[in-house]
Amino acid sequence: MPDNLPPAFVAYPRLPGHQLLSLQGVDAVAFAHAQFSNDVTALPLLHWQWSAWLSAKGRTLAVFQLLRLANDHVLLVLADGDADAIASQLQRFVFRRKVKLQVRADLAVAGAFTAPQAAAGAAIALAGSQGWELDLGSDALPRTLRIGPVEAFPAGDEAEDAAFALAWRQADLRFGLPRLAESQREVWTPQQLGLDRLNGYSVKKGCYPGQEIVARTHFLGKAKRAVQLLHTAAPAQAGDGVQQDGVALGTLASVAGDLALAVLPLETGDSELQVGNAVAQRMPLLDGLAR
C-alpha cells in the first residue's frame, strides 16, 4: 500500500463491481432530474439519494446512489456496474443540454462494516482532499462507503475480496436494496422492488421516463406485489421461481449467496415457501437505509 495515502482511506476493501458515472456541466442537475426517478433539484449540495433509471413502461433499468457534489456535478454510484452502457444510452437524451457524461475509471469505490467517521444519513463528508465518505448503514448494521482515487484502494487477496464483496451484497439485500443482474433489468417496477422503503422515487416531481406508470400505481393503490427477503436452503439465482404448496407464487429478483430478494404477492399464506426443491425461509428486512 502506498505510504502517502490519507489515513481516511486505509483498510477499506475495494468493491470491484461498483462503477461511477459523472454528469458535469451547467445542465447536469436538470438533466439528471429529467431522467431519473427521484427529485434531484430538491437534493442539497453534498447530499445523496437513492434513485433509479426507468424505461418508458416504468420498469427498472438501474438502481443507484445519486450524489450532488456541486451545482454542476452529479455522480452516480452503480453497484451493479454497466456504466459504459448506461452512459451510451443516456447520451441519446442529452441533445443541446450542457452536460458531459463520463465513466470515472480514475476513481474506485470501497467499503467497511464500520460507522462513518463524519458522514451521517444522506450527508456526504469529504474524506481528506481526495474523495468522499457516505453512510450506507444503520445502527443495526453500520457501513461506510468511500469513493476516491484508484490507487487509494489497492486490490487485496482475491479470495478475501470476493468474500467481502459477497458480504456487502448480502447486507444490501438485508436492507431491501435490490441488486439487479442483467436478466432482471427492465422487469420490475420501483414499487415491486420496494424502492419506496429507500425513498428511491418521487411521485410529485415533473416528468421522467416511466413517471406516469409509477404515479398511477402509487395513487391508485394498484401495487399487488412487493419485495421480501428469503433465506434459501440451496443455491439459487435471479429469475428462479418461488412456490407455495406447489403453486407458482413469485420470482427471485436478487440473489447473494443464501439470501434473496423475491417479488411476491402482498398477501401470502403462512405455509412454507420453496425455491426449486428447497425450503426458502422468510426473513425480516432491516430498516435504516432510506435517504
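The structure this text deals with has already been given above.
Below you will find a few notes about this structure. Here the structure is a predicted model, which means the values were calculated and not measured.

A few points about the overall build of the protein chain
Point 1. Scanning the protein chain for helices and strands turns up 4 helices and 15 strands.
Point 2. Its C-alpha atoms give the protein chain a radius of gyration of 19 Å, within 12% of the compact-globule value 19 Å for 291 residues.
Point 3. Residues classed as buried in the protein chain amount to 53% of the 291 residues present.
Point 4. Once local pairs closer than 6 in sequence are excluded, the contacts in the protein chain between residues at least 24 apart make up 70%.
Point 5. As presented, the protein chain carries roughly 13,100 Å² of accessible surface, and 52% of it is formed by carbon and sulfur atoms.

Things to note about the pattern of salt bridges
Point 1. Taken as a whole and judged by the stated rule, the model has 10 salt bridges.
Point 2. The residue Asp106 makes a salt bridge to Arg104 at a minimum N-O spacing of 2.8 Å.
Point 3. With a shortest N-O distance of 2.5 Å, Arg146 and Glu133 are connected by a salt bridge. Taken together, the residues Arg146 in strand β9 (residues 144–149) and Glu133 in strand β8 (residues 132–135) connect sequence positions 13 residues apart.
Point 4. According to the relative accessible area criterion, Arg146 is buried, its value standing at 1%.
Point 5. Three or more residues joined by partner-sharing salt bridges are found here, namely Asp80, Arg143, Arg169, Asp172 and Arg179.

Some remarks on the sheet that holds β8
In a beta sheet, neighbouring strands are held together by backbone hydrogen bonds and run either parallel or antiparallel to one another.
Point 1. Strands sit in the order β6-β9-β8-β7 across an open sheet of 4 strands; the sheet is antiparallel. Across the chains shown, the open sheet's two edge strands, defined by having one partner strand only, are β6 (107–112) and β7 (125–126).
Point 2. Two strands pair when backbone bridges link them, and β7 and β8 are joined in this way by 2 bridges, in the antiparallel orientation. Paired with Leu126 across the strands is Trp132, a residue of β8.
Point 3. Of the strands in this sheet, β6 and β9 are in contact with helix α3 (residues 158–174), which crosses β6 at around 75°.

Points about the pairing of strand β1 (residues 19–24)
Point 1. In this sheet, strand β4 (residues 73–78) lies alongside β1 in antiparallel orientation, the contact comprising 6 bridges. Along β4, the bridge assignment pairs Gln19 with Leu78.
Point 2. Relative to strand β5 (residues 100–103), β1 is paired through 4 bridges, and the arrangement is antiparallel. For Gln24, the partnering residue across the bridge sits in β5 and is Lys100.

Structural notes on helix α4 (residues 211–220)
Point 1. The set of residues buried in α4 consists of Gln211, Val214, Ala215 and Thr217. All buried residues of α4 lie within an arc of 160° about the axis, which places them on one face of the element. Residues Glu212 and Leu220 are exposed on α4 and point more than 90 degrees away from its buried face.
Point 2. On its buried face, α4 sits against β2 (47–54).
Point 3. Looking one or two residues beyond α4, the residue adopting positive phi is Gly221, at roughly 65°.

Concerning the sheet that holds strand β10 (residues 225–232)
Point 1. Spatially, β10-β13-β12-β11-β14-β15 is the arrangement adopted by the 6 strands of the closed barrel, whose pairing is antiparallel. With direction set aside, neighbouring strand axes in the sheet form an average angle of 45°.
Point 2. Where strand β11 (residues 241–244) lies against strand β12 (residues 247–256), 4 bridges are found, and the strand directions are antiparallel. Residue Gly241 lies in a different strand from β12, and its bridge partner there is Thr251.
Point 3. Where α3 meets the sheet, it contacts β10, β12 and β13 (259–265), and its direction lies at approximately 135° from that of β12.

Some details on the side chain of Lys205
Point 1. Residue placement: Lys205 occurs in the loop between α3 and α4.
Point 2. In this structure Lys205 is buried but unpaired, with Asp39 as the nearest side chain of opposite charge at 6.1 Å.
Point 3. In this structure the side chain of Lys205 is engaged in a polar contact, spanning 2.6 Å, whose partner is the backbone oxygen of Phe36.
Point 4. Those residues within four positions of Lys205 in sequence are excluded, and the remaining contacts are His33, Phe36, Ser37, Asn38, Asp39 and Gln211.

Points about the packing of aromatic side chains
Point 1. Per the counting criterion, the structure on display carries 5 aromatic pairs.
Point 2. Centroid distance Phe113 to Phe164: 5.7 Å. Interplanar angle 70°. Geometry classified as edge-to-face. Placement of Phe113 in the loop between β6 and β7 and of Phe164 in helix α3 is noted, with a sequence separation of 51 residues between them.
Point 3. Judged by its relative accessible area of 15%, Phe164 falls in the buried class.
Point 4. Through a chain of ring-to-ring contacts, the aromatic side chains of Phe113, Phe164 and Trp168 assemble into a single cluster.
Point 5. Of note, Arg143 hangs over the ring of Trp168, and the distance from its end group to the ring centre comes to 4.3 Å.

Parameters at a glance
- Residues numbered from 1 in each chain as written.
- Predicted model: local features only at pLDDT ≥ 70, side-chain atom pairs only at ≥ 80, totals over all residues.
- Heavy atoms only, no water.
- Helix = DSSP H or I, 4+ residues; strand = E, 2+ residues; numbered from the N terminus.
- Rg over C-alpha atoms; globule rule 2.2 N^0.38 Å.
- Buried < 20%, exposed > 50% of the residue type's maximum accessible area, 1.4 Å probe, protein only.
- Contact = heavy atoms within 4.5 Å.
- Areas by Shrake-Rupley, 256 points an atom, 1.4 Å probe, with all protein chains shown as cover.
- Salt bridge = Lys/Arg side-chain N within 4 Å of Asp/Glu carboxyl O.
- Pairing = 2+ DSSP bridges.
- Axes fitted to C-alpha atoms, helices over the stretch in contact; angles between N-to-C directions.
- Arc of directions from axis to C-beta.
- Lys, Arg positive; Asp, Glu negative; His and termini not counted.
- Polar contact = N/O pair within 3.5 Å; in protein donor to acceptor, adjacent residues only side chain to side chain.
- Phe/Tyr/Trp six-rings, centres within 6.5 Å; stacked < 30°, edge-to-face > 60°.
- Lys NZ or Arg CZ within 6 Å of the ring centre and 35° of its normal.

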